[in-house]
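# Examination of the molecular architecture
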Amino acid sequence: MMTQAFYSGVSGVKTHSAGIDIVSDNIANISTIGYRGSNYEFSSLYESMLNSGSAASVDNTIGLGTTLSATPMMEGLGAEILTDKSTDLAIMGNGWFGTQAVGTPVYTRDGNFTFDVNDDLVTTDGYHVLGTMGGNIQGEVLTSTLSEVPLGDVTTQEALRFPKTLTYPPEPSTKASFTGNIGTQDQVVTMSAGVVDGLSNKNDLKLLFTKKPVQTAPGTQWDVTATTQSLDGKTIYDTQTGSVNFDSAGAILSSTLSTIDNNGTPVNIDLGRGFTGIVSISNLAVSSSSTADGTIGGDLDGYDINKNGEVIATFTNGMQSSVGKIAVYHFVNDQGLERINGSKFQESANSGQPLFFKDAKGNNIIGTDITNFKLEGSNVSMEHGLTELIILQRSYDANAKSITTADQMMQKALSMGA
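The numbering scheme is per chain: residues are counted from 1 as the chain's sequence reads. Reporting of local features is limited, given that this is a predicted model, to residues whose pLDDT is at least 70; pairs of side-chain atoms are given and counted only at 80 or more, and all residues count toward the totals for whole chains, interfaces and linings. The side-chain numbers reported here are obtained from all heavy atoms of the structure, hydrogens and water having been left aside.

### Observations regarding the pairing of strand β30 (residues 338-341)
The two faces of a sheet get side chains in turn, since along a regular strand they alternate between them. Operational definition: A pair of strands counts as paired when DSSP detects no fewer than two bridges linking them. What counts as a helix is a DSSP run of H or I of at least four residues, what counts as a strand is a run of E of at least two, and both are numbered from the N terminus.
As judged from the 3 bridges shared by β30 and strand β31 (residues 344-346), these two strands associate in the antiparallel manner. Bridging from a neighbouring strand, Glu338 pairs with Gln346 of β31. A loop of 2 residues connects β30 with β31, the two strands running antiparallel in sequence, and Gly342 in this loop sits at a positive phi of about 45°.

So, in structure tokens, the structure goes:
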């Protein structure tokens, strides 16, 4: 029995020493971004039955000590840490970022990302962040503007790499719409709109309205001359003429002016219908307004990440486009993930393979909320860690004392037998 007490104390010392190591590691990683602490679970070793031999007695057991049975991951969220970088991300629910250097992907809650010298999205220690590329970049030219990049399948995720130089190509104007009142007086009324040509130049489309000398009642008739020219007026690209007819109330009835060439690109001229465009009303002030499609080209101003995990390219012309999407992975059993070090984990047979959540239409989604300009801190609190450390240390001391006591009892028994 004394030998059993000795070994029970030894197992207790070993078990609580392991617990102290676990809690100490948690405390050491209080400042580690995305760190998820480990708990400890102790279990009893086999027990022996004790029977007093009396018919009225009740069988009892005596334990053989304890052992460390599991070190489950603490799954609570860490504290939010405000930052000044849009590339700093925090997952607000379940899920993991995927990163990769070589070989097997590594999963982490640490969203401290940045763009390296090649404009690849990487972690602070050089791992590439995994996600879906938008497929709207060809060479160093943006081929289309996307508000969102659909998340691909789990097996198709790749390192998010973007060109250091990226051009937003010009989108020539194809339509210019005019609204306003040219009145009924015999005077020249001018309207203009800015239109973009295929060479990314912004030009001036100017309309000159002149009342016809001979009018046919009811209503009024006007001649209109359209000119496309450079903003400085030195180069004229095209001139077109037509006529515009209004009814007695001033609503536009018809226009023979349709298109004009803008340095190689045809632009449709829309003067409206009825009272929706150009009108000719006597008791209203002369006014004009215009809109035109088209965008001048631009160069890359930089990449940012929004709260939906979209990598956004911003250009000097003020335009933006999503060019990639960061993946958020999920597992059937997060507890089964194998810790590599710090906040890095890899899949195992117990965790199952990574998967993506799907919406009602079967599309892959990140399945959680992401916030930028924030990081997730360690989910271990100093108060909890120190409290656990005190408890484990006292348990360790008690087990060590039991070893000393058992040793003294054995020495006493041996001396008595002598």
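### A word on the sheet that holds strand β20 (residues 236-246)
Sheet strands associate in pairs through backbone hydrogen bonding, adopting either a parallel or an antiparallel arrangement. Put simply, the rule is: Note on method: axes are straight lines fitted to C-alpha atoms, helices fitted across the in-contact stretch only, with angles between N-to-C directions ranging 0 to 180 degrees.
The sheet built from 5 strands is open, its strands ordered β17-β18-β19-β20-β21 with antiparallel pairing. Two strands bound the open sheet, and with one partner strand each, they are β17 (189-196) and β21 (252-255). Averaged over neighbouring strand pairs, the angle between their axes works out to 25° when direction is ignored.

### Observations concerning unusual backbone geometry
Most peptide bonds are trans, and most residues other than glycine sit at a negative phi. Put simply, the rule is: Burial classes: relative accessible area under 20% of the type maximum marks a residue as buried, over 50% as exposed, and values in between as partly exposed (1.4 Å probe, protein chains only).
Omega for the peptide link from Ala217 to Pro218 comes to -5°, which places this bond in the cis form. Following the sequence through the fold, Pro218 ends up in the loop between β18 (202-211) and β19 (220-229). Despite not being glycine, Ser200 shows a phi value in the positive range, around 70°. Considering the arrangement of structural elements, one finds Ser200 in the loop between β17 and β18. Of the residues examined, Ser200 reaches a relative accessible area of 25% and is grouped as partly exposed. Although it is not a glycine, Phe373 adopts a positive phi angle of roughly 60°. In this fold, Phe373 is placed in the loop between β34 (370-372) and β35 (374-376).

### Quick notes on the pattern of salt bridges
Let me state the cut-off plainly: Salt bridges, as used here, are contacts in which a Lys or Arg side-chain nitrogen is within 4 Å of a carboxyl oxygen on Asp or Glu.
All told, the structure shown has 9 salt bridges when counted by the stated rule. Of the charged contacts, one joins Lys374 and Glu80 as a salt bridge, the two residues approaching to 2.8 Å between their closest N and O atoms. Separated by 294 residues along the polypeptide, Lys374 in strand β35 and Glu80 in strand β5 (residues 80-82) bring together distant segments of the chain. On the basis of relative accessible area, Glu80 is assigned to the partly exposed category, the value being 45%. The residue Glu376 makes a salt bridge to Arg109 at a minimum N-O spacing of 3.0 Å. Taken together, the positions of Glu376 in strand β35 and Arg109 in the loop between β8 (106-108) and β9 (113-115) put the pair 267 residues apart, joining distant regions of the chain. Sharing partners across several salt bridges, the network here consists of Glu148, Glu310 and Lys325.

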